Amino acid sequence: MNLAGRWPPLPPIDVILLRNVMIYFDLETKRSVLAKVRRVLRPDGFLVLGSAETTINVDDAFERGKFGAANCYRIHLPRPGEGAGHRFGKTVSRPNVRGD
Ligand SMILES: C[S@@+](CC[C@H](N)C(=O)[O-])C[C@H]1O[C@@H](n2cnc3c(N)ncnc32)[C@H](O)[C@@H]1O
């Protein structure tokens, strides 16, 4: 599957491993791929990237934690009325989650 192209219909996914894959994409493509990741990743799911990769300043809907040497991200998705989410042991505010 070409991550930079159109994704086929996928069921909700618990873990997406893109270690050392995002480094090949330009910023626009990274944003497009991460928007697609958000659409298929379960709210409590994990996105794993390589140590040289990040969602920071690319897609603010993700929060970073550590998973061994890899960077692990979860989507900020506090439930309606909850006000803030709690991920990786810290409080996060409701994100601006965009589709594409
Ligand atoms: C450096 S390897 C990393 C492989 C593995 N994830 C790891 O960490 O060992 C980069 C991988 O990205 C894949 N890749 C690059 N561009 C891609 C794209 N547009 N769609 C899907 N895979 C892509 C390549 O096929 C290759 O398997």
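This report concerns the structure included in the present document. (Residues numbered from 1 in each chain as written. Predicted model: local features only at pLDDT ≥ 70, side-chain atom pairs only at ≥ 80, totals over all residues.)

### So, the site of the ligand
Here is the rule: Each residue gets a C-beta atom placed from its backbone. If that atom is within 6 Å of a molecule or strand, the residue is near it. When residues are grouped by polarity, Ala, Val, Leu, Ile, Met, Phe, Trp, Tyr, Cys and Pro land in nonpolar, Asp, Glu, Lys and Arg in charged, and all others, Gly among them, in polar.
As a matter of local geometry, the ligand sits amid Asn2, Leu3, Ala4, Arg19, Asn20, Val21 and Tyr24. Grouping the constituent residues of the shell around the ligand by class yields 4 nonpolar, 2 polar and 1 charged.

### Concerning the environment of Leu49
Keep this limit in mind: Think of it this way: any DSSP run of H or I at least four residues long counts as a helix, any run of E at least two long counts as a strand, and we number them from the N terminus. Each residue is classed by its C-beta neighbour count within 10 Å, where at least 20 other C-beta atoms makes it buried, 12 or fewer makes it exposed, and intermediate counts make it partly exposed; the C-beta atoms are placed from backbone geometry. Any pair of residues counts as being in contact when their C-beta atoms, constructed from backbone geometry, are within 7 Å of one another.
Of note, Leu49 is situated in strand S2 (residues 41–49). When the 24 C-beta atoms within 10 Å are taken as the criterion, Leu49 is described as buried. Considering only alpha carbons, one finds Leu49 and Ile23, 26 residues apart in sequence, at a separation of 9.5 Å. When sequence neighbours within four positions are dropped, the list of residues in contact with Leu49 reads Leu18, Arg19, Met22, Thr54, Ala70, Asn71 and Tyr73.

### Brief notes about the environment of Ala70
Summarising the element assignment, Ala70 is placed in strand S4 (residues 70–75). Between the C-alpha atom of Ala70 and that of Gly50, which follows or precedes it by 20 residues, the distance is 5.1 Å. Contacts of Ala70, omitting those with residues within four sequence positions, involve Arg19, Val48, Leu49, Gly50 and Ser51.

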